[in-house]
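So you can see what is in the structure, the chains are spelled out below.
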Amino acid sequence: MAEDRTAIRLDEFLAHPPAKVWRALTEPELVARWLMPGDIRAEAGHRFTFTTEPVEQAGFAGIVYCQVLEVEPERLLKLSWSDGRVDWTVTWRLEPEGRGTRLFLDHEGFDPDDPRQQMSRRILGGGWRTMPRKIAEVAAGL
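For the structure given in this document, a descriptive report is provided here.

Thresholds applied
- Residues numbered from 1 in each chain as written.
- Predicted model: local features only at pLDDT ≥ 70, side-chain atom pairs only at ≥ 80, totals over all residues.
- Heavy atoms only, no water.
- Helix = DSSP H or I, 4+ residues; strand = E, 2+ residues; numbered from the N terminus.
- Buried < 20%, exposed > 50% of the residue type's maximum accessible area, 1.4 Å probe, protein only.
- Pairing = 2+ DSSP bridges.
- Axes fitted to C-alpha atoms, helices over the stretch in contact; angles between N-to-C directions.
- Contact = heavy atoms within 4.5 Å.
- Salt bridge = Lys/Arg side-chain N within 4 Å of Asp/Glu carboxyl O.

Tracing the chain through its elements places glutamine 117 in helix H3 (residues 115-140). In this structure glutamine 117 comes out as buried when scored by relative accessible area, which is 10%.

Given below as structure tokens:
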């Protein structure tokens, strides 16, 4: 199967129920533990920012501008995600599976022909792949 150069996709099982995973994805103090500090709220239309260390080689100033596009509690959280130059979408889907949750992430909108966006996709892809373990650690404490 050919690599999708327009997106980052993850599919992970977490041994925690959807309610706990949802809290880890939507409560600002919990999100700050595994991702970045920000004033996220699971309300469609809410605009907020995440802040982190800049990544100079990718042209990233350290601020992610977001808007909540779609919310289905304990099932779906879709955000617009922008570094100020490029606009993407990040979608988290949760599906109950046994006593746990199947967690899907789709970070979409990368231009396959733009070298800087492909560098961003590689950098972000490496970071996103570590997140399910961190989310599970946060959910375990709830």
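The discussion continues.
With respect to topology, six strands assemble into an open sheet ordered S1-S6-S5-S4-S3-S2, the strand pairing being antiparallel. The open sheet terminates on both sides in strands that have one partner only, identified here as strand S1 (7-14) and strand S2 (47-51). Each adjacent strand pair in this sheet contributes to an overall mean axis angle of 25°, direction not counted. Note: strand S4 (residues 76-82) against strand S5 (residues 87-97), seven bridges, orientation antiparallel. The residue of S5 that forms the bridge with serine 80 is threonine 89. Together, S1, strand S3 (63-72), S4, S5 and strand S6 (100-108) form the strand contacts of helix H1 (residues 18-26), whose direction differs from that of S5 by roughly 160°.

Here the focus is the pattern of salt bridges. On inspection of all chains with the given rule, the structure shows twelve salt bridges. Note that arginine 9 and aspartate 106 form a salt bridge whose closest N and O atoms lie 3.0 Å from each other. A residue pair is termed long-range when its members are at least 10 positions apart, and arginine 9 in strand S1 and aspartate 106 in strand S6 qualify at 97 residues. The shortest N-O distance in the salt bridge between glutamate 27 and arginine 23 comes to 2.8 Å. Here glutamate 27 falls in the partly exposed class, since its relative accessible area comes to 21%. The class of arginine 23 is partly exposed, set by a relative accessible area of 35%. Each of Asp4, Arg9, Arg93, Glu95, Asp106 and Glu108 takes part in one network of salt bridges that share partners.

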